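For reference, the chains in residue letters:
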Amino acid sequence: MMKTMAPRAARSCRSRLSLPAGTCGLSTCRRRLRLALRAKANEPEEDGEAWEEFTGRSLRNGNGNGAGSAASAGGRAREAVGTANATRSIDEEGTWREQGFAFYQNKQDDEAAWDWGHVSLEHSDFDPVWESVRRQAEEQSRAEPLLSSYLYSSVLCHKTFEKALANILANGIGDQNLLTTQLFPTFMSVLQKEEVRKAALLDLQVTKDRDPACNSYLEALLNYKGYHALQLHRISHDFYCNGRGVMAQMLQSRSSEVYGVDIHPGAKFGKGILVDHGTGVVVGETAVIGDNSSLLQGVTLGGTGKASGDRHPKLGKNVLIGAQATVLGNISIGDGSMVAAGSVVLKDVPASTLIAGIPAKVVGSTTGMPSTLMDQVFKGFEDAETDPYEGIEYFL
């Protein structure tokens, strides 16, 4: 029985593969597979004669579909390689690397100051931050093979920044009731809006620029929960402003659970915001945070009690709020001011002012943009004629 079955099986294999009689089906299949893989990898030149033999035999045996598929796969591979080379050439030829990102912090009142990246006239859709993220992901995939699948699903398989961000946020807060596959298109509907996308890119840039512990845009995008919580708030704020209050509050709740950041959907955030570390940050419903400001861990922008209506702080542009600082009530913090770590602010603060203490009092002035410099050390007290700590009260 075995002697009769073997030839019949061999004939059946040969008939399915359209192979000539006397050919070993298994070895030929392996050879054809090997050659097809080489074609997909754009490597036919390594075995030119075998390649010609493979394609010619496929056509002669009426198996043109396989050869055509392999050839088209090889074409797609060559096209992908060409695109990758083009991207690298853009980087190496120095459109944005040589000129750098625009110094967005130099112009406070001009919208053009927020043109965060140089764009080549020949590549009008070139996105320097996103291209940097993708390049870093490719490098880390080679350096850390264990993370290659994670980096592919999080960054490399997405064509645009907003798709990658929507995927990261959906996976971050998704659970058995809030399915990631349903959250993704919901988030995309907001992140595709130009003003939201632009703000998210600026937030990513300043997170890397201002935090010395952040070495790349990829790290900020993948691992910085302060950044994640802020982008989730931008989405919930859009829902809140468009009559989807329940959805907005659900996102606020999940953000508080997952990231430890509690921002009411009604709070208004400008562009270029850093939420450093994020843990313990609480922002009330009617709070306003101006462009280019920085909030460190444990910051509270809250009300004074059960007052209703407009009851939360208003921060100007370029404001730095130190770690564990508390700002209460419907008061204003002027542009370019800094609140020292651990302070409790209960009154309005003029522009370019340094305040500290419990309750906080004026202890100096600021120059430039504290939110960008991130320098929280008191300077200039050594030459002061008065006690440097006069007016600073602490509970012991």
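We now turn to the structure provided with this report. Each chain carries its own residue numbering, running from 1 in the direction its sequence is written. A pLDDT threshold of at least 70 governs which residues receive local features in this predicted model, and a stricter bar of 80 or more applies before side-chain atom pairs are shown or counted, although totals over entire chains, interfaces and linings include all residues. By convention in this description, side-chain values take in all heavy atoms of the structure and omit both hydrogens and water.

A short note on the overall build of the protein chain
Under the DSSP-based scheme used, a helix requires at least four consecutive residues in state H or I and a strand at least two consecutive residues in state E, with every element numbered from the N terminus. The helix and strand tally for the protein chain stands at 14 helices and 15 strands. Intrachain contacts of the protein chain at a sequence separation of at least 6 include 49% that bridge at least 24 residues. Values of accessible area rely on a 1.4 Å probe in the Shrake-Rupley scheme; residue burial ignores everything except the protein chains shown. Working note: accessible area of the protein chain is about 20700 Å², and carbon and sulfur atoms make up 52% of it. Residues are treated as being in contact if the distance between any of their heavy atoms lies within 4.5 Å.

A closer look at unusual backbone geometry
Here the amide bond leading from Ile358 into Pro359 is cis, since omega sits at -10°, within 30 degrees of zero. For Pro359, the location among the structural elements is in the loop between strand S14 (353-357) and strand S15 (360-365). With a phi angle near 70°, His277 is a residue other than glycine that sits in the positive phi range. Along the chain, His277 turns up in the loop between strand S3 (274-275) and strand S4 (282-283). Of note, the phi angle at Asn318 is positive, near 60°, even though the residue is not glycine. As for its placement among the helices and strands, Asn318 is situated in the loop between strand S8 (314-315) and strand S9 (320-321). Any residue under 20% of the maximum accessible area for its type is buried, any over 50% is exposed, and the rest in between are partly exposed; the area is computed with a 1.4 Å probe on protein chains only. The exposure class of Asn318 is buried, given its relative accessible area of 5%.

A closer look at the pairing of S15
For a regular strand, side chains alternate in direction, first toward one face of the sheet and then toward the other. Examined bridge by bridge, S14 and S15 share 5 bridges and lie antiparallel to one another. Bridging across to S15, Gly357 finds its partner in Ala360. Only strands joined by at least two bridges in the DSSP assignment are considered to pair.

Quick word on helix H7 (residues 148-156)
Of the positions making up H7, those classed as buried are Leu151, Ser154, Val155 and Leu156. Taken around the axis of H7, the buried residues stretch over an arc of 140°, which confines them to a single face. Exposed side of H7, more than 90 degrees from the buried face: Ser149 and Tyr152 are the residues found there. Where H7 is buried, its residues contact helix H6 (128-143), helix H8 (161-173) and helix H11 (217-223). Throughout, the arc means the angular range of directions from the helix axis out to the C-beta atoms.

Remarks on the sheet that holds S3
Sheet architecture is open: 6 strands sit in the order S3-S6-S9-S12-S14-S15, paired in mixed fashion. Looking along the sheet, the strands with just one partner apiece sit at the ends: S3 and S15. Two strands pair when backbone bridges link them, and S9 and strand S12 (residues 338-339) are joined in this way by 2 bridges, in the parallel orientation. Bridging from a neighbouring strand, Ile321 pairs with Val339 of S12.

Some words on the packing of aromatic side chains
Stacked, tilted and edge-to-face are the three classes applied to pairs of Phe, Tyr and Trp rings, where Trp contributes its six-membered ring and a pair requires centres within 6.5 Å; stacked means planes under 30 degrees apart, edge-to-face means over 60, and tilted covers the rest. The full count for this structure, using the stated rule, is 1 aromatic pair. Criterion for a charge above a ring: Arg CZ or Lys NZ at most 6 Å from the ring centre, at most 35 degrees from the ring normal. Cation over ring: Lys208 sits above Tyr217, and NZ or CZ is 5.5 Å from the ring centre. Over the face of the ring belonging to Phe239 we find Arg244, whose NZ or CZ atom lies 4.4 Å from the ring centre.

Considerations on the pairing of S14
Of all 5 residues in S14, 5 are buried; the element is thus mostly enclosed. As paired elements, S12 and S14 share 2 bridges and run parallel to each other. Following the sheet pairing, Val339 is matched in S14 by Ile355. Linking two consecutive strands that pair antiparallel, namely S14 and S15, is a turn of 2 residues.

Focus: the nonpolar core
Nonpolar side chains in soluble globular proteins tend to be buried together. Residues enter a nonpolar core if they are buried and are Ala, Val, Leu, Ile, Met, Phe, Trp, Tyr or Cys, with the set joined through side-chain atoms within 4.5 Å. Counting residues in hydrophobic clusters, the biggest one holds 64 residues, and the most contacted among them are Val155, Phe161, Phe187, Leu204, Leu221, Phe269 and Val283. Mapped by element, the contributors of at least two residues to this core are H6, H7, H8, helix H9 (180-191), helix H10 (194-210), H11, helix H12 (225-241) and helix H13 (245-259). The residues contacting Val155, other than those within four sequence positions of it, are Trp130, Val133, Arg134, Ala137, Leu218, Leu221 and Leu222. If you look at the next biggest cluster of nonpolar residues, it comprises 11 residues, including Val206, Leu320, Ala323 and Met338.

Considerations on the environment of Ile168
Its place among the elements puts Ile168 in helix H8. Distance from Ile168 to His228, taken between C-alpha atoms, is 8.4 Å for residues 60 residues apart in sequence. The residues touching Ile168, leaving out its near neighbours within four places in the chain, are Ser154, Leu221, Leu222 and His228.

Comments concerning the pattern of salt bridges
Throughout this description, the term salt bridge denotes a Lys or Arg side-chain nitrogen within 4 Å of a carboxyl oxygen of Asp or Glu. Within this structure, the stated rule accounts for 8 salt bridges. Glu139 is paired through a salt bridge with Arg135; the nearest N and O atoms lie 4.0 Å apart. Here Glu139 pairs with Arg135, and both are found in helix H6, just 4 residues apart, close to one helical turn. Its relative accessible area of 38% is what places Glu139 among the partly exposed residues. Between Asp310 and Lys314 there is a salt bridge, with its nearest N and O atoms 2.6 Å apart.

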